[in-house]
Amino acid sequence: MTIKYFLLVSRQGKLRLAKWYTTLSPKQKTTTIKQITQLVLSRKPKQCNFIEHNDTKVVYRKYASLYFIAGIGLDDNELIMLEVIHRYVEVLDRFFGNVCELDLIFNFQKAYFVLDEMIMAGEIQESSKKTVLRCLAQQDETEALENAERGWGDINLEGVARTALLSVQELRQAFTR
């Protein structure tokens, strides 16, 4: 199966995530996103989740207020792509604990990381939820370790504030000398 793109769009039509596995110009990407979003959002809930658009088959699924959309080749199996979308949502749901749109807005890097663990270069690489979640846990551990080494602690703002306070104190000492 060749995946051409993967999009997350809110029901208001706002793009929340876009991952491209084919080379397109920025103008072509914008046009494609606009056309696909209009096509998907205008469909009724009882209609089929597959649409042919240009040289791709668009497969989508709505979860809560988000549409998960993927473009695949015309000869590829839509049901497998629906399963990949569902697996992606399951991993996000397990990682965030009942994922919502705000989780994806404020932690978009995690959403991209999960997608990158599952799909690479438009091909399915990992379908195991356990393996993907294990990779996420390892990434979180590494991030926490790096933050601790920088003195940022659990909350980055505390570390930044501490650093800024030390800088102000150093400046005061420099000017009083």
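Residues numbered from 1 in each chain as written. Predicted model: local features only at pLDDT ≥ 70, side-chain atom pairs only at ≥ 80, totals over all residues. Heavy atoms only, no water.

Some thoughts on the nonpolar core
Formed by 30 residues in total, the largest nonpolar core has its most connected members in Phe 6, Phe 68, Met 81 and Tyr 88. Where this core is concerned, the elements lending two or more residues are β1 (3-10), β4 (56-63), β5 (66-73), α2 (78-96), α4 (108-118) and α5 (129-150). Sort the elements by how many residues they give to this core and α2 lands first, with 9 residues. In contact with Phe 6, not counting residues within four places along its chain, are Leu 17, Ala 18, Lys 19, Tyr 21, Phe 68, Ile 69, Ala 70, Met 81, Ile 85, Tyr 88, Leu 115 and Ile 119. Counting residues in hydrophobic clusters, the runner-up holds 12 residues, among them Ile 33, Val 40, Tyr 60 and Tyr 67. (Core = buried A, V, L, I, M, F, W, Y, C linked by side-chain atoms within 4.5 Å. Buried < 20%, exposed > 50% of the residue type's maximum accessible area, 1.4 Å probe, protein only. Helix = DSSP H or I, 4+ residues; strand = E, 2+ residues; numbered from the N terminus. Contact = heavy atoms within 4.5 Å.)

Quick look at the sheet that holds strand β3 (residues 50-53)
Spatially, the 5 strands line up as an open sheet ordered β2-β1-β5-β4-β3, and their pairing is antiparallel. Each end of this open sheet is capped by a strand with a single partner; those strands are β2 (15-20) and β3. Between one strand axis and the next, the sheet turns by 20° as a mean value, whatever way the strands run. Of the strand pairs in this sheet, β4 and β5 are connected by 8 bridges, and their pairing is antiparallel. In the strand pairing of β5, Tyr 63 is matched with Leu 66. Lying on the sheet, α2 is in contact with β1, β2, β3, β4 and β5; it crosses β4 at an angle near 35°. Its contacts with the sheet put α4 on β1 and β2, and the angle it makes with β2 is roughly 30°. (Pairing = 2+ DSSP bridges. Axes fitted to C-alpha atoms, helices over the stretch in contact; angles between N-to-C directions.)

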